[in-house]
Amino acid sequence: MNFFAEAMAYILDPANWGGVNGLDTRIIEHVFISLIVLAIAVAIAVPVGYLIGHTGKGSGFVVALSGAVRALPTLGLLILLALNLSVGLTAPVIALVVLAVPSILAGAYAGFHAIDRRTIDAARAVGMTEWQIVTKVEMPLGLPLLMGGIRSAALQVVATATLADYVGGGGLGRPILEGLQIGNYAQMLAGSVLVVLLAIVFELIFSALQKLVTPAGVTPPRLTSTRALRNRSRTA
Amino acid sequence: MFTAGKGRLVSVGAVVVGASLALAGCSSSDPLSSGGSGDSETLIVGSQQYYSNEIIAEIYSQALEDGGYTVDRQFNIGQREVYLPEIESGAIDVFPEYTGSLLSALVDSEPSGSSEEIYDQLTEALPDGLRVLDQADAADQDSWTVTQAFADKYNLTDIASLANVTEPITVGGNSELQTRPYGPDALAEKYGVTTAGFTAVQDSGGPLTVKALVDNQIQLANIYTADPNIQTNNLVVLDDPDSLFLPANVVPVVSDKVDEDAADILNAVSAELSVDDLVSMNAESVNDQKSASVIAEAWLDDKGLLG
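This structure is a prediction, so every number in the text was calculated from the model and none was measured. (Residues numbered from 1 in each chain as written. Chains lettered and ligands numbered in written order. Predicted model: local features only at pLDDT ≥ 70, side-chain atom pairs only at ≥ 80, totals over all residues.)

### A short note on the overall build of chain A
Argument step 1. When its secondary structure is counted, chain A shows 10 helices and 0 strands.
Argument step 2. Across chain A, helices and strands are ordered from the amino to the carboxyl terminus as α-α-α-α-α-α-α-α-α-α.
Argument step 3. Counting only C-alpha atoms and orienting by the principal axes, one finds that chain A spans roughly 65 × 45 × 25 Å.
Argument step 4. Within chain A, the proportion of its 236 residues that are buried is 40%.
Argument step 5. Considering only residue pairs separated by 6 or more positions, chain A has 74% of its internal contacts joining residues 24 or more positions apart. (Helix = DSSP H or I, 4+ residues; strand = E, 2+ residues; numbered from the N terminus. Buried ≥ 20, exposed ≤ 12 C-beta atoms within 10 Å, placed from the backbone. Contact = placed C-beta atoms within 7 Å.)

Written out as structure tokens, the structure is:
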């Protein structure tokens, strides 16, 4: 019995697509949950990360807190929330936001922190206000690292959103959880393969975005590239 | 030499190929086939991934141990589709089962009948090398359950009376409920009850399902009749005069390794196990968070079944 071939056959079987129980519905739900979570997490983490990155205050506390939050088991948090709120989308969205915030926060904060202090001093010296420094210097220069944080958060969220269906949130957790219950491993693997493919698609989109938002003249840090190091030493 | 663009493509390709290989690697091995070696002295007792079933399995285990048998507990195996092949292959010697549910998994036709008829059909349907011992009075079967308020509002008594309901009914439960022979499709076919939607709550009628029902996010839930949450939350199990749900009495399924002495021990257990016993033991597990072994020992002690 070849599970992988059976999983592929399950994915390719037109009977498993279309309608309220089709894989397409599950994929749309999965993408929907993931995007909502990322949007909320960005809205929370980016302003806080920028504030910490710009002022340099409270970084120790926030880094320690987000590290501690990372250790929270998402499934436990999810069931706890669902029992206290309701079944449906709310509990998984909150649990996944908790999962996504630390990476994005770290990206936003590190993006500001990594900027050469002389660049900021120069901006201040030419008479920029603090607001102008944030919006015209720090934000563009910090964007590549922030996007990196969002990329890794997206990966975690897409993979973990499979838990949402345990509490009635839908998504690609459905074929996985149902396959586990009825012993249909091909169906489970099919769900998992679709999650992996979805994660790769997200990864490609976000890496393209990361490239797009990198300001001209700033190359994303590639520490392993000897050519970049050579170029840097030449210009120094 | 690679350009940067090609390098990225190659690395993505490498990830895809690597993932395919890793997945293909786990292709031919059954994740559940642990070494069920045939030690004739040891009886392997299994249980479903369901706390009530685990309590019964624990009762069987302790009763057998008390009778001098060595017991290997393989609990929490999952649903019937997962463990049935294991029982049929002889990898498990004793398994607490439910008559009707097991019968419908064994035969192609849809069984029906009273509890005794189902038991008789079951004894014939079991494959060679397996048999069922006496069935208990205790039953734990699927049900369609509503809240008291919902039942009062539409004057609901049995499943057919769901046709009185004028608002959309959202059904909740494990997602596989949709394809079960008593699922929403059967409601529509047999009773003309149309359901508006299905909310998957994957905890097998557990606390999340009960909460969804009490919160009126779902109106109709599949909850096991021995679930103490039915009493605690004032839920109403709809009567089932047409046996849409099969009678599901607790019965031990055993292999050839279970000799007559062991069978007598298990039959003595089944003779004492009543519906009320099962509900109150489930309540001790759910409400008092007692472990299966503590509950099982107290029950056996109470019935004088420990020598």
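That covers the picture; the talk isn't over yet.
### Some details on the pairing of strand 1 (residues 42-46) of chain B
Residues and elements named next belong to chain B.
Argument step 1. Most of strand 1 sits inside the fold, with 4 of its 5 residues counted as buried.
Argument step 2. Here strand 1 pairs with strand 2 (residues 70-74) via 5 bridges, running parallel. Each residue of the ladder has a partner; that of Ile44, found in strand 2, is Asp72.
Argument step 3. Following the chain from strand 1 across helix 2 (residues 51-66) to the adjacent parallel strand 2, one finds a crossover that is right-handed. (Pairing = 2+ DSSP bridges. Right-handed = clockwise from strand over helix to strand, strands pointing away.)

### Concerning the packing of helix 11 (residues 275-288) of chain B against helix 12 (residues 292-302) of chain B
Residue and element names in this part refer to chain B.
Argument step 1. As a packed pair, helix 11 and helix 12 sit with axes 10 Å apart at the nearest point and diverge in direction by 145 degrees. The two elements helix 11 and helix 12 cross, and the hand of that crossing is right-handed. Residues Asp277, Met281, Glu284 and Ser285 of helix 11 form the contact with helix 12, whose own contacting residues are Ala292, Ile295 and Trp299.
Argument step 2. Residue composition of the contact of helix 11 with helix 12, by class: 4 nonpolar, 1 polar and 2 charged. (Axes fitted to C-alpha atoms, helices over the stretch in contact; angles between N-to-C directions. Left-handed = near helix turned anticlockwise from the far one by under 90°. Nonpolar A, V, L, I, M, F, W, Y, C, P; charged D, E, K, R; others polar.)

### Observations concerning the sheet that holds strand 8 (residues 220-222) of chain B
Strand-to-strand pairing in sheets goes through backbone hydrogen bonds, with the strands running parallel or antiparallel.
Residues and elements named next belong to chain B.
Argument step 1. Read across the open sheet, the 5 strands follow the order 7-6-8-5-9; overall the sheet is mixed. The open sheet terminates on both sides in strands that have one partner only, identified here as strand 7 (197-200) and strand 9 (235-237). The average undirected angle you get between the axes of adjacent strands in this sheet is 30 degrees.
Argument step 2. Summarising the sheet, strand 6 (residues 170-173) and strand 7 pair through 4 bridges and their orientation is parallel. By the bridge assignment for strand 7, Thr170 is matched with Gly197.

### Let's talk about helix 1 (residues 3-12) of chain A
Argument step 1. For helix 1 of chain A, every residue scored as buried is listed here: Phe3, Phe4, Ala7 and Tyr10 of chain A. Buried residues in helix 1 of chain A, looked at end-on, bunch into an arc of 115 degrees, giving them a common side. (Arc of directions from axis to C-beta.)

### Brief notes about the pairing of strand 10 (residues 250-255) of chain B
Residues and elements named next belong to chain B.
Argument step 1. Across the 6 residues of strand 10, 5 count as buried, placing the element largely inside the fold.
Argument step 2. Summarising the sheet, strand 4 (residues 130-132) and strand 10 pair through 3 bridges and their orientation is antiparallel. Residue pairing in the sheet places Arg131 in a bridge with Val254 of strand 10.

### Focus: the interface of chain A and chain B
Size of an interface, as often reported, equals the accessible area lost when the parts are brought together.
Argument step 1. Tallying the contact residues gives 23 residues for chain A and 24 residues for chain B.
Argument step 2. For the side of chain A that touches chain B, the secondary-structure elements that each account for two or more residues are helix 1, helix 4 (74-84), helix 8 (173-182) and helix 9 (185-213) of chain A.
Argument step 3. For the side of chain A that touches chain B, the element with the most residues is helix 8 of chain A, which contributes 6 residues.
Argument step 4. The residue makeup of the side of chain A that touches chain B, split by class, is 13 nonpolar, 7 polar and 3 charged.

### Focus: unusual backbone geometry
Most peptide bonds adopt trans geometry, and most residues besides glycine take a negative phi value.
Residue and element names in this part refer to chain B.
Argument step 1. The phi dihedral of Asn155 falls on the positive side, at around 60 degrees, and the residue is not glycine.
Argument step 2. Structurally, Asn155 is set in the loop between helix 6 (148-154) and strand 6.
Argument step 3. Look at Asn216: it is not a glycine, yet its phi comes out positive at around 65 degrees.
Argument step 4. Its place among the elements puts Asn216 in the loop between helix 8 (207-214) and strand 8.

### Observations regarding the packing of helix 3 (residues 59-70) of chain A against helix 5 (residues 90-113) of chain A
All names here are of chain A.
Argument step 1. Running from amino to carboxyl end, helix 3 crosses helix 5 at an angle of 150 degrees, the nearest separation of the two axes being 9 Å. Classed by the angle they form, the pair helix 3 and helix 5 counts as roughly antiparallel. The chirality of how helix 3 crosses helix 5 is left-handed. Contact residues: Ser59, Val62, Ser66, Val69 and Arg70 in helix 3; Val98, Val101, Pro102, Leu105, Ala106 and Tyr109 in helix 5. (Parallel < 35°, antiparallel > 145°, perpendicular 65-115°, else oblique.)

### A few points about the environment of Pro252 of chain B
Residues and elements named next belong to chain B.
Argument step 1. You can see Pro252 is positioned in strand 10.
Argument step 2. What makes Pro252 buried here is the crowd of 27 C-beta atoms within 10 Å.
Argument step 3. Spatially, the C-alpha atoms of Pro252 and Gly78 are 17 Å apart, while their sequence positions differ by 174 residues.

These results come straight from atomic positions and should not be treated as a statement about function.
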